[in-house]
Amino acid sequence: MMRIAVIADTHDQFPLNLPARLAAADEIWHLGDVCDPATLTAFAALGKPLLVVLGNNELHDLWPRELHLERAGRKFFLTHIPPERVPPGTQVVLHGHTHIPRDETDAAGIRWLNPGCISRPKRGKPASFAWLTLSPGRPLDWRLELL
């Protein structure tokens with residue numbers, strides 16, 4: 001079993017208790033709009049793999065715009081802005097940008113996930129992140145956590 005903490009849209013800020021809440025993660029995925037790279041210091045200090053994609057508010061190019069990952073036999077595509085076209089073979093798209101949580105499966109069977117926003121949620125939604133739990137041969141588990 002693998003537990004991945006998925007966060008997005010920190011925009012230079014996060015609740016002080018968030019790193020402690022992510023300490024049990026096997027990996028941490030940040031889906032963009034970190035802004036100042038120093039924002040990630042507390043998460044990097046946890047000693048877990050920290051994977052980050054560029055958002056549209058980054059003023060640098062320290063991270064890739066997208067990541068293609070495979071975990072527990074599934075193919076993931078991580079990006080900030082939801083793409084119009086999904087790369088071939090992708091089973092799960094994770095994105096930020098909208099500041100609104102998402103868990104949908106499209107007609108092609110691709111699952112679209114967004115953990116919501118850490119710093120500036122929209123549409124009256126509370127700030128949130130998500131836990132993605134993967135076990136080979138079992139459906140993935142996506143659970144939203146409110147801040």
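Procedures and definitions
- Residues numbered from 1 in each chain as written.
- Predicted model: local features only at pLDDT ≥ 70, side-chain atom pairs only at ≥ 80, totals over all residues.
- Heavy atoms only, no water.
- Buried < 20%, exposed > 50% of the residue type's maximum accessible area, 1.4 Å probe, protein only.
- Helix = DSSP H or I, 4+ residues; strand = E, 2+ residues; numbered from the N terminus.
- Pairing = 2+ DSSP bridges.
- Phe/Tyr/Trp six-rings, centres within 6.5 Å; stacked < 30°, edge-to-face > 60°.
- Contact = heavy atoms within 4.5 Å.

S.K.: What should I look at first to understand the pairing of strand S4 (residues 66-71) in this one?
M.R.: The side chains of a regular strand alternate, residue by residue, between the two faces of the sheet. Burial of S4 is one-sided: the residues Leu-67, Leu-69 and Arg-71 facing one way are buried, the residues Glu-66, His-68 and Glu-70 facing the other way are not. Here six bridges tie S4 to strand S5 (residues 74-79), and the two strands are oriented antiparallel to one another. When the bridges of S5 are listed, Leu-69 appears paired with Phe-76. Between S4 and S5, which pair antiparallel in sequence order, lie two residues; one of them, Ala-72, sits at a positive phi of approximately 50°.

S.K.: Sorry if this is basic, but what is going on with the packing of aromatic side chains here?
M.R.: Aromatic ring pairs are described here by two measures, namely the spacing of the ring centres and the angle between the planes. Throughout the structure, instances matching the rule amount to three aromatic pairs. Both rings, one in Trp-29 and one in Phe-76, keep their centres 5.5 Å apart while their planes meet at 70°; by these two values the pair is edge-to-face. Separated by 47 residues along the polypeptide, Trp-29 in strand S2 (residues 27-30) and Phe-76 in strand S5 bring together distant segments of the chain. For Phe-76, a relative accessible area of 2% gives the class buried. Taking the centre distance of 6.0 Å and the plane angle of 70° together, the rings of Phe-129 and Trp-131 count as edge-to-face.

S.K.: Would you explain unusual backbone geometry in this entry?
M.R.: As a rule of thumb, non-glycine residues mostly have phi less than zero, and peptide bonds are mostly trans rather than cis. The backbone of Asp-9 shows a phi angle near 55°, a positive value even though the residue is not glycine. Locating Asp-9 in the fold gives a position in the loop between strand S1 (2-7) and helix H1 (18-22). Of note, the phi angle at Asp-33 is positive, near 60°, even though the residue is not glycine. Tracing the backbone through its elements, the reader meets Asp-33 in the loop between S2 and helix H2 (41-44). Asp-33 sits in the buried class, given a relative accessible area of 1%.

S.K.: Explain the environment of Pro-82 to me, please; I cannot follow it from the model alone.
M.R.: With respect to the helices and strands, Pro-82 occurs in the loop between S5 and strand S6 (92-94). For the pair Pro-82 and Val-93, spaced 11 residues apart in sequence, the C-alpha separation works out to 8.1 Å. Apart from residues no more than four positions distant in its own chain, Pro-82 is found in contact with His-95, Gly-96, His-97, Thr-98, Arg-102 and Trp-112.

These figures capture arrangement, not role.
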